[in-house]
Amino acid sequence: MKIFFFLIILLSFTSCSFLNRRGNWGKKAIWPLKSSNIWDAAKRNALSPHVWVPLAGAGTIHWSGWDHKISNWANAGRGLYDDQTAADNWSDNFNNILKYEAYATTLLTPSMNDDGKFSGYLMNKAKGALVVNAAGLTSSFGHERLVKAAHRRRPNRADYRSFPSGHSTDAAARNMVNSKNLDHIDMSDDLRLGIKSANTLMASGTLWARLEGKRHFPSDVLCGYALGSFLSGFVYDALLNMEPNESFVVAPAANGKMMAQYSLSF
């Protein structure tokens, strides 16, 4: 807890150096809500690789009957972590790092209007922070509803909260928010890509830790990741009202076949 408050104080001072930077992060947030923007946000995030790739993997694993086989293999002395307790601790640590980074990136996004008034900055930052929190809360709410509905028993047979994985949902939600926040922070493309890659690696480490800790089956963590990515990304895009930085389009080609195109702007 002491580290948390230290980071908040440090980041508050750090964010002061960004006050002179002009930007409109948070300015258009929350209101007005546009139905077209909501639909675009839902479609864009449903087509995100962070959503459909883990969903496809979870479906393949589950319907092929590999859930228990992979779970047993991961707990047969082939793990990355020393034991199940260490796996539990690392899943918490990775999630906490991603959570603190969400605070940091929210502080460091440029929110000062062209008029340079501090009141405008505070209003923009407050609205943006509300969106970030709404993205996380929506993911947590979706997870809780699915856990109660699925009532799947954990591999360690401790309870019936196996599907989907809550840690995986949280890790994915924070990874998605951090990624979107980073797109609005001025830095080199290489640095941005490096941070995003590290974040995805930590999120993946969380998934594997829950699997290796015998807390969840593979389909549990993959569906949790897809759930957190979609819900957080959807809420973020729908409420923040910023221009999207990525798109995924499927359209018919001239030869009668289908063409898929993914684009990412920096």
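Up top is the structure these notes are about.
Residues numbered from 1 in each chain as written. Predicted model: local features only at pLDDT ≥ 70, side-chain atom pairs only at ≥ 80, totals over all residues. Heavy atoms only, no water.

J.: Would you explain the packing of aromatic side chains in this entry?
T.: One pair of aromatic rings is described through two measures. These are the centre distance and the angle between the planes. According to the stated counting rule, one finds 4 aromatic pairs in the structure shown. On the basis of an interplanar angle of 40° and a centroid distance of 6.4 Å, the ring pair of Tyr100 and Tyr103 is categorised as tilted. Taken as a pair, Tyr100 and Tyr103 lie in helix H5 (residues 84-108) at a separation of 3 residues, close to a single helical turn. Relative accessible area serves as the criterion here: at 23%, Tyr100 is assigned to the partly exposed category. When the centroid spacing of 6.0 Å and the interplanar angle of 10° are considered together, the rings of Phe230 and Phe234 count as stacked. Within this pair, Phe230 and its partner Phe234 are both found in helix H9 (residues 218-240), separated by 4 residues, close to a single helical turn. Of the residues examined, Phe230 reaches a relative accessible area of 24% and is grouped as partly exposed. Accessibility expressed as a relative area gives 23% for Phe234, which makes it partly exposed. (Phe/Tyr/Trp six-rings, centres within 6.5 Å; stacked < 30°, edge-to-face > 60°. Helix = DSSP H or I, 4+ residues; strand = E, 2+ residues; numbered from the N terminus. Buried < 20%, exposed > 50% of the residue type's maximum accessible area, 1.4 Å probe, protein only.)

J.: Please explain the pattern of salt bridges as it appears in this structure.
T.: Opposite charge on two side chains allows them to pair when their charged atoms are near. Going through the model one piece at a time under the given rule, you end up with 10 salt bridges. For the salt bridge of Asp237 with Arg44, the shortest nitrogen-to-oxygen distance reads 3.5 Å. With Asp237 in helix H9 and Arg44 in helix H2 (residues 35-46), the pair connects residues that are 193 residues apart, well separated along the chain. Arg44 sits in the buried class, given a relative accessible area of 18%. Each of Arg44, Lys180 and Asp237 takes part in salt bridges that share partners, so that together they form one network. (Salt bridge = Lys/Arg side-chain N within 4 Å of Asp/Glu carboxyl O.)

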